[in-house]
Amino acid sequence: MALEDAKNQVDQAFTRESLRGLSYENAFGGAVSFLRRRYSKDLAGVDVAVTGIPFDQAVTHRPGARFGPRAIREASTLQAFDAPYGWGCDPFSLLDIVDYGDMAFDYAAVHDVPARIEAHLGAILDAGAAPVSLGGDHFVTLPILRAVAARRGPVALIQFDAHSDTWADDDPARIDHGTFLYKAIREGLVHPAGTVSVGIRTDNPDTMGVTILDAPSIHRDGIDATLARIRAVVGERPCYLTFDIDALDPAFAPGTGTPVWGGLASWQAAALLRGLAGIDLIGGDVVEVSPPYDTTGATAIAGAHVAVELIALLGWNRR
Ligand code: MN
Ligand code: MN
(Lines give C-alpha, C1' and ligand atoms only; values in the text may rest on other atoms or scores of the structure.)
(Ligands and ions follow the chains in the order given, each with its own letter.)
Protein backbone atom coordinates (compact mmCIF):
# COMPACT_ATOMS: atom_id res chain seq x y z
CA MET A 1 0.00 0.00 0.00
CA ALA A 2 1.12 3.53 -0.68
CA LEU A 3 -0.25 7.01 -0.81
CA GLU A 4 -1.19 6.19 -4.42
CA ASP A 5 -4.01 4.11 -2.94
CA ALA A 6 -5.89 7.28 -2.10
CA LYS A 7 -6.57 7.71 -5.82
CA ASN A 8 -8.65 4.59 -6.14
CA GLN A 9 -9.20 2.92 -2.81
CA VAL A 10 -11.82 4.46 -0.55
CA ASP A 11 -14.16 3.48 2.27
CA GLN A 12 -11.75 1.05 3.88
CA ALA A 13 -14.18 0.85 6.76
CA PHE A 14 -15.95 -1.56 4.35
CA THR A 15 -13.43 -2.47 1.66
CA ARG A 16 -10.22 -3.13 3.60
CA GLU A 17 -9.11 -6.75 3.15
CA SER A 18 -6.18 -7.24 5.53
CA LEU A 19 -6.76 -6.56 9.22
CA ARG A 20 -3.12 -5.42 9.46
CA GLY A 21 -1.11 -2.56 8.03
CA LEU A 22 -1.51 1.16 7.52
CA SER A 23 -4.27 2.91 5.57
CA TYR A 24 -3.68 5.59 2.96
CA GLU A 25 -7.22 6.70 2.25
CA ASN A 26 -7.68 10.46 2.13
CA ALA A 27 -8.10 11.57 5.74
CA PHE A 28 -10.83 14.05 4.82
CA GLY A 29 -13.17 11.76 2.88
CA GLY A 30 -14.80 8.38 2.89
CA ALA A 31 -16.56 6.34 5.52
CA VAL A 32 -15.11 6.65 9.01
CA SER A 33 -14.07 3.80 11.27
CA PHE A 34 -11.40 3.89 13.96
CA LEU A 35 -8.09 4.12 12.10
CA ARG A 36 -9.92 3.01 8.90
CA ARG A 37 -10.04 -0.51 10.24
CA ARG A 38 -12.78 -2.71 8.84
CA TYR A 39 -16.12 -2.57 10.63
CA SER A 40 -16.77 -6.15 11.61
CA LYS A 41 -18.77 -8.21 14.04
CA ASP A 42 -16.61 -11.22 13.19
CA LEU A 43 -13.97 -11.52 15.88
CA ALA A 44 -12.39 -14.77 14.65
CA GLY A 45 -8.63 -14.34 14.79
CA VAL A 46 -8.92 -10.71 15.86
CA ASP A 47 -6.29 -9.42 18.31
CA VAL A 48 -7.80 -6.01 19.11
CA ALA A 49 -11.45 -4.96 18.90
CA VAL A 50 -12.12 -1.23 19.09
CA THR A 51 -15.66 -0.51 20.21
CA GLY A 52 -17.73 2.52 21.09
CA ILE A 53 -19.94 2.75 24.17
CA PRO A 54 -21.92 5.94 23.57
CA PHE A 55 -23.49 6.18 27.04
CA ASP A 56 -23.34 9.44 29.02
CA GLN A 57 -26.29 9.30 31.40
CA ALA A 58 -24.11 8.83 34.51
CA VAL A 59 -22.50 12.27 34.50
CA THR A 60 -22.55 14.68 37.45
CA HIS A 61 -22.27 17.80 35.28
CA ARG A 62 -21.84 18.38 31.56
CA PRO A 63 -23.10 15.59 29.26
CA GLY A 64 -22.10 14.92 25.65
CA ALA A 65 -19.73 11.94 25.88
CA ARG A 66 -22.29 9.89 23.95
CA PHE A 67 -20.83 11.65 20.92
CA GLY A 68 -17.30 10.66 21.94
CA PRO A 69 -16.86 7.48 19.89
CA ARG A 70 -17.94 9.19 16.67
CA ALA A 71 -15.62 12.17 17.22
CA ILE A 72 -12.67 9.98 18.21
CA ARG A 73 -13.14 7.84 15.11
CA GLU A 74 -13.11 10.93 12.88
CA ALA A 75 -10.02 12.31 14.60
CA SER A 76 -8.28 8.95 14.20
CA THR A 77 -8.40 9.06 10.39
CA LEU A 78 -5.31 11.27 10.33
CA GLN A 79 -3.36 8.69 12.34
CA ALA A 80 -4.06 5.79 9.97
CA PHE A 81 -1.12 6.73 7.70
CA ASP A 82 1.72 6.19 10.13
CA ALA A 83 2.79 3.87 12.88
CA PRO A 84 2.51 5.68 16.22
CA TYR A 85 5.61 7.73 16.95
CA GLY A 86 8.21 6.73 19.45
CA TRP A 87 7.65 2.98 19.73
CA GLY A 88 10.23 1.58 17.30
CA CYS A 89 7.67 -0.91 16.01
CA ASP A 90 4.44 -0.79 14.03
CA PRO A 91 1.62 -2.23 16.14
CA PHE A 92 -0.78 -1.93 13.20
CA SER A 93 1.30 -4.55 11.38
CA LEU A 94 1.65 -6.78 14.44
CA LEU A 95 -2.03 -7.05 15.35
CA ASP A 96 -5.25 -7.95 13.59
CA ILE A 97 -7.47 -4.99 14.45
CA VAL A 98 -11.15 -4.33 13.68
CA ASP A 99 -13.63 -1.65 14.56
CA TYR A 100 -16.36 -3.68 16.28
CA GLY A 101 -18.81 -0.78 16.07
CA ASP A 102 -20.83 0.67 18.91
CA MET A 103 -22.74 -1.10 21.64
CA ALA A 104 -26.48 -1.16 21.05
CA PHE A 105 -28.82 -0.15 23.85
CA ASP A 106 -32.16 1.49 24.63
CA TYR A 107 -31.29 5.04 25.76
CA ALA A 108 -34.46 5.13 27.88
CA ALA A 109 -33.69 1.86 29.69
CA VAL A 110 -30.72 3.14 31.66
CA HIS A 111 -31.05 0.41 34.30
CA ASP A 112 -30.40 -2.12 31.55
CA VAL A 113 -27.14 -0.55 30.38
CA PRO A 114 -24.65 -2.01 32.89
CA ALA A 115 -25.52 -5.61 32.04
CA ARG A 116 -25.45 -4.78 28.34
CA ILE A 117 -21.96 -3.30 28.58
CA GLU A 118 -20.77 -6.34 30.53
CA ALA A 119 -22.20 -8.71 27.89
CA HIS A 120 -20.82 -6.60 25.02
CA LEU A 121 -17.31 -6.68 26.48
CA GLY A 122 -17.71 -10.31 27.45
CA ALA A 123 -18.30 -11.25 23.81
CA ILE A 124 -15.06 -9.52 22.82
CA LEU A 125 -13.07 -11.15 25.60
CA ASP A 126 -14.55 -14.61 24.93
CA ALA A 127 -13.42 -14.30 21.30
CA GLY A 128 -9.86 -13.83 22.52
CA ALA A 129 -9.61 -10.19 21.45
CA ALA A 130 -8.31 -7.35 23.60
CA PRO A 131 -10.92 -4.59 23.92
CA VAL A 132 -10.15 -0.92 23.36
CA SER A 133 -13.36 0.90 24.28
CA LEU A 134 -14.28 4.47 23.38
CA GLY A 135 -16.64 6.11 25.90
CA GLY A 136 -19.00 7.28 26.94
CA ASP A 137 -18.66 8.59 30.48
CA HIS A 138 -16.52 6.90 33.11
CA PHE A 139 -19.33 4.74 34.47
CA VAL A 140 -18.80 2.40 31.52
CA THR A 141 -15.52 1.18 32.99
CA LEU A 142 -17.31 -0.53 35.89
CA PRO A 143 -19.23 -3.09 33.79
CA ILE A 144 -16.15 -3.47 31.57
CA LEU A 145 -14.16 -4.46 34.66
CA ARG A 146 -16.96 -6.84 35.67
CA ALA A 147 -16.56 -8.59 32.31
CA VAL A 148 -12.77 -8.66 32.68
CA ALA A 149 -12.77 -9.94 36.26
CA ALA A 150 -15.35 -12.64 35.50
CA ARG A 151 -12.82 -14.14 33.09
CA ARG A 152 -9.44 -13.17 34.54
CA GLY A 153 -10.10 -12.60 38.21
CA PRO A 154 -9.14 -9.32 39.83
CA VAL A 155 -6.66 -7.32 37.76
CA ALA A 156 -4.28 -4.42 38.26
CA LEU A 157 -5.64 -1.05 37.15
CA ILE A 158 -3.96 2.08 35.84
CA GLN A 159 -6.39 5.01 35.96
CA PHE A 160 -5.57 8.34 34.38
CA ASP A 161 -8.02 10.88 35.81
CA ALA A 162 -8.40 14.24 37.53
CA HIS A 163 -10.80 12.52 39.93
CA SER A 164 -10.39 9.47 42.14
CA ASP A 165 -13.87 8.14 41.29
CA THR A 166 -13.89 6.45 44.69
CA TRP A 167 -16.70 8.41 46.26
CA ALA A 168 -18.78 6.12 48.45
CA ASP A 169 -21.77 4.56 46.71
CA ASP A 170 -23.35 1.52 48.30
CA ASP A 171 -26.58 1.57 46.30
CA PRO A 172 -26.22 -1.11 43.62
CA ALA A 173 -28.89 0.56 41.48
CA ARG A 174 -27.03 3.88 41.19
CA ILE A 175 -25.28 4.55 37.88
CA ASP A 176 -22.67 7.24 38.52
CA HIS A 177 -19.42 8.05 36.71
CA GLY A 178 -17.86 9.28 39.96
CA THR A 179 -18.08 5.98 41.81
CA PHE A 180 -16.92 3.38 39.30
CA LEU A 181 -13.69 2.67 41.13
CA TYR A 182 -15.34 2.54 44.55
CA LYS A 183 -17.64 -0.18 43.28
CA ALA A 184 -14.89 -1.97 41.35
CA ILE A 185 -12.85 -2.26 44.55
CA ARG A 186 -15.85 -3.24 46.69
CA GLU A 187 -16.80 -5.91 44.16
CA GLY A 188 -13.25 -7.27 44.10
CA LEU A 189 -12.78 -6.57 40.39
CA VAL A 190 -9.38 -4.93 40.86
CA HIS A 191 -6.52 -5.32 43.35
CA PRO A 192 -6.39 -2.08 45.39
CA ALA A 193 -2.67 -2.71 46.00
CA GLY A 194 -2.26 -3.05 42.21
CA THR A 195 -4.26 0.07 41.39
CA VAL A 196 -2.74 3.47 40.69
CA SER A 197 -4.51 6.74 39.88
CA VAL A 198 -2.46 9.16 37.80
CA GLY A 199 -3.06 12.89 37.40
CA ILE A 200 -5.44 13.32 40.35
CA ARG A 201 -6.28 16.88 41.48
CA THR A 202 -9.32 16.54 43.67
CA ASP A 203 -9.34 15.55 47.33
CA ASN A 204 -10.85 12.31 48.51
CA PRO A 205 -9.56 11.33 51.95
CA ASP A 206 -10.45 7.66 51.59
CA THR A 207 -8.08 6.26 48.95
CA MET A 208 -9.36 2.68 49.48
CA GLY A 209 -5.75 1.49 49.28
CA VAL A 210 -5.19 2.92 45.81
CA THR A 211 -1.85 4.60 45.11
CA ILE A 212 -2.46 8.25 44.20
CA LEU A 213 0.02 10.00 41.92
CA ASP A 214 -1.49 13.46 41.84
CA ALA A 215 -0.76 15.92 39.05
CA PRO A 216 1.48 18.17 41.18
CA SER A 217 3.69 15.19 42.04
CA ILE A 218 4.08 14.38 38.34
CA HIS A 219 4.92 17.99 37.48
CA ARG A 220 7.42 18.10 40.38
CA ASP A 221 9.09 14.70 40.06
CA GLY A 222 8.94 14.12 36.32
CA ILE A 223 8.14 11.29 33.94
CA ASP A 224 10.77 8.72 34.92
CA ALA A 225 9.95 8.88 38.63
CA THR A 226 6.24 8.62 37.86
CA LEU A 227 6.78 5.61 35.62
CA ALA A 228 8.83 3.87 38.30
CA ARG A 229 5.98 4.40 40.78
CA ILE A 230 3.34 3.09 38.37
CA ARG A 231 5.44 0.02 37.57
CA ALA A 232 6.06 -0.65 41.25
CA VAL A 233 2.29 -0.76 41.84
CA VAL A 234 1.31 -2.80 38.80
CA GLY A 235 4.25 -5.19 38.73
CA GLU A 236 3.79 -8.27 36.57
CA ARG A 237 0.03 -8.48 37.07
CA PRO A 238 -2.43 -8.55 34.17
CA CYS A 239 -3.42 -4.91 33.89
CA TYR A 240 -6.33 -2.84 32.58
CA LEU A 241 -5.83 0.83 31.69
CA THR A 242 -8.63 3.40 31.84
CA PHE A 243 -7.96 6.93 30.60
CA ASP A 244 -10.42 9.62 31.65
CA ILE A 245 -9.56 12.44 29.23
CA ASP A 246 -9.90 14.97 32.09
CA ALA A 247 -6.53 13.71 33.32
CA LEU A 248 -5.30 16.17 30.71
CA ASP A 249 -5.36 19.86 31.52
CA PRO A 250 -8.37 21.73 30.06
CA ALA A 251 -5.90 23.52 27.79
CA PHE A 252 -5.35 20.19 26.03
CA ALA A 253 -8.77 18.60 26.55
CA PRO A 254 -11.48 21.22 27.08
CA GLY A 255 -14.22 18.97 25.74
CA THR A 256 -15.06 16.99 28.83
CA GLY A 257 -17.72 16.98 31.51
CA THR A 258 -15.76 17.92 34.65
CA PRO A 259 -12.58 19.81 33.68
CA VAL A 260 -10.01 20.67 36.37
CA TRP A 261 -6.98 22.91 35.88
CA GLY A 262 -3.40 21.92 36.66
CA GLY A 263 -3.58 18.68 34.73
CA LEU A 264 -1.26 16.75 32.49
CA ALA A 265 0.03 18.22 29.27
CA SER A 266 -0.47 15.97 26.28
CA TRP A 267 3.29 15.40 26.04
CA GLN A 268 3.28 14.08 29.61
CA ALA A 269 0.47 11.66 28.86
CA ALA A 270 2.23 10.48 25.70
CA ALA A 271 5.51 9.97 27.56
CA LEU A 272 3.80 8.08 30.38
CA LEU A 273 1.88 5.78 28.04
CA ARG A 274 4.97 5.03 25.93
CA GLY A 275 7.01 4.53 29.06
CA LEU A 276 4.67 1.74 30.15
CA ALA A 277 5.77 -0.50 27.25
CA GLY A 278 6.01 -4.08 28.40
CA ILE A 279 3.22 -4.11 30.96
CA ASP A 280 0.83 -7.05 30.68
CA LEU A 281 -2.05 -4.99 29.26
CA ILE A 282 -5.27 -6.90 28.63
CA GLY A 283 -7.41 -3.99 27.46
CA GLY A 284 -8.24 -0.36 28.00
CA ASP A 285 -10.57 2.53 27.37
CA VAL A 286 -10.65 6.27 26.81
CA VAL A 287 -13.68 7.98 28.29
CA GLU A 288 -15.30 11.37 28.93
CA VAL A 289 -14.58 12.95 25.53
CA SER A 290 -17.53 15.34 25.11
CA PRO A 291 -17.57 16.83 21.59
CA PRO A 292 -20.22 19.52 22.30
CA TYR A 293 -17.68 21.21 24.62
CA ASP A 294 -14.72 20.43 22.38
CA THR A 295 -14.51 23.81 20.68
CA THR A 296 -11.25 23.12 18.84
CA GLY A 297 -11.49 19.36 18.37
CA ALA A 298 -8.36 18.98 20.51
CA THR A 299 -10.08 16.63 22.95
CA ALA A 300 -11.11 14.15 20.26
CA ILE A 301 -7.58 14.30 18.85
CA ALA A 302 -6.20 13.52 22.30
CA GLY A 303 -8.70 10.69 22.72
CA ALA A 304 -7.71 9.16 19.39
CA HIS A 305 -4.03 9.37 20.35
CA VAL A 306 -4.68 7.68 23.69
CA ALA A 307 -6.55 4.84 21.95
CA VAL A 308 -3.68 4.40 19.48
CA GLU A 309 -1.18 4.29 22.35
CA LEU A 310 -3.30 1.57 23.99
CA ILE A 311 -3.04 -0.44 20.76
CA ALA A 312 0.71 0.18 20.74
CA LEU A 313 0.97 -1.12 24.31
CA LEU A 314 -0.95 -4.23 23.23
CA GLY A 315 1.32 -4.66 20.21
CA TRP A 316 4.60 -4.09 22.02
CA ASN A 317 4.66 -7.54 23.56
CA ARG A 318 4.09 -9.13 20.10
CA ARG A 319 7.00 -7.40 18.34
MN1 MN B 1 -13.20 9.49 35.91
MN1 MN C 1 -12.44 12.65 35.81
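Our structure's up above, just so we're on the same page.
Scope of this entry: the structure provided in the associated data block.

Quick notes on the rules
Residues numbered from 1 in each chain as written. Chains lettered and ligands numbered in written order. Predicted model: local features only at pLDDT ≥ 70, side-chain atom pairs only at ≥ 80, totals over all residues. Heavy atoms only, no water. Helix = DSSP H or I, 4+ residues; strand = E, 2+ residues; numbered from the N terminus. Rg over C-alpha atoms; globule rule 2.2 N^0.38 Å. Buried < 20%, exposed > 50% of the residue type's maximum accessible area, 1.4 Å probe, protein only. Contact = heavy atoms within 4.5 Å. Donors = N, O, S within 2.8 Å, 3.2 Å for Na, K, Ca; no water. Polar contact = N/O pair within 3.5 Å; in protein donor to acceptor, adjacent residues only side chain to side chain. Pairing = 2+ DSSP bridges. Axes fitted to C-alpha atoms, helices over the stretch in contact; angles between N-to-C directions. Phe/Tyr/Trp six-rings, centres within 6.5 Å; stacked < 30°, edge-to-face > 60°. Lys NZ or Arg CZ within 6 Å of the ring centre and 35° of its normal.

From N to C terminus, the protein includes ten helices and eight strands. Relative to the 2.2 N^0.38 estimate, which gives 20 Å for 319 residues, the radius of gyration of the protein is 18 Å and therefore close to what a compact globule would have. The burial tally for the protein puts 59% of its 319 residues in the buried class. Contacts spanning at least 24 positions in sequence make up 73% of the contacts within the protein whose residues lie at least 6 apart.

Next up on the list: the coordination of the manganese ion (ligand 1). Around the manganese ion (ligand 1), the protein contributes the donor atoms His138 (ND1), Asp161 (OD), Asp165 (OD) and Asp244 (OD), at 2.1 to 2.2 Å from the metal centre. Here the manganese ion (ligand 1) and the manganese ion (ligand 2) are spaced 3.3 Å apart, linked through Asp161, which binds each one. You can see His138 sitting in the loop between strand S3 (130–135) and helix H5 (141–152) and its partner Asp244 sitting in strand S7 (residues 239–244), a full 106 residues away along the chain. In this pair, the class of His138 matches that of Asp244, namely buried.

A separate point is the coordination of the manganese ion (ligand 2). Bound to the manganese ion (ligand 2) on the protein side are Asp161 (OD), His163 (ND1), Asp244 (OD), Asp246 (OD) and Asp246 (OD), at distances that span 2.1 to 2.5 Å. Coordination of the manganese ion (ligand 2) draws on donor residues from a single chain, spaced D-x1-H-x80-D-x1-D in sequence.

We now examine the side chain of His177. With respect to the element layout, His177 can be found in the loop between strand S4 (155–160) and helix H6 (180–186). By relative accessible area, His177 is classed as buried at 6%. Of the polar contacts made by the side chain of His177, one reaches the side chain of Glu288; its length is 2.7 Å. Leave out the neighbours within four places in its chain, and His177 touches Ala58, Val59, Thr60, Asp137, His138, Phe139, Asp165, Thr258 and Glu288.

Strand order across the open sheet formed by eight strands is S2-S1-S3-S8-S7-S4-S5-S6, with parallel pairing between neighbours. Every other strand in the sheet has two partners, leaving strand S2 (97–102) and strand S6 (211–214) as the edge strands with one partner each. The average undirected angle you get between the axes of adjacent strands in this sheet is 15°. Bridging between S4 and S7 involves five bridges; their strand directions are parallel.

Scanning all chains against the criterion turns up five aromatic pairs. Seen from their ring centres, Phe55 and Phe105 are 6.0 Å apart, and the 75° between their planes marks the pair as edge-to-face. Remark: Phe105 occurs in the loop between S2 and helix H4 (113–126) and Phe55 occurs in the loop between strand S1 (48–53) and helix H2 (68–76); sequence separation between them is 50 residues. Among the aromatic residues, ring-to-ring pairing joins Phe55, Phe105 and Phe139 into one connected group. Over the face of the ring belonging to Tyr100 we find Lys41, whose NZ or CZ atom lies 4.5 Å from the ring centre. Between Arg319 and the ring centre of Trp316, over which it is positioned, the NZ or CZ distance is 3.6 Å.

In short, geometric facts, not functional conclusions.
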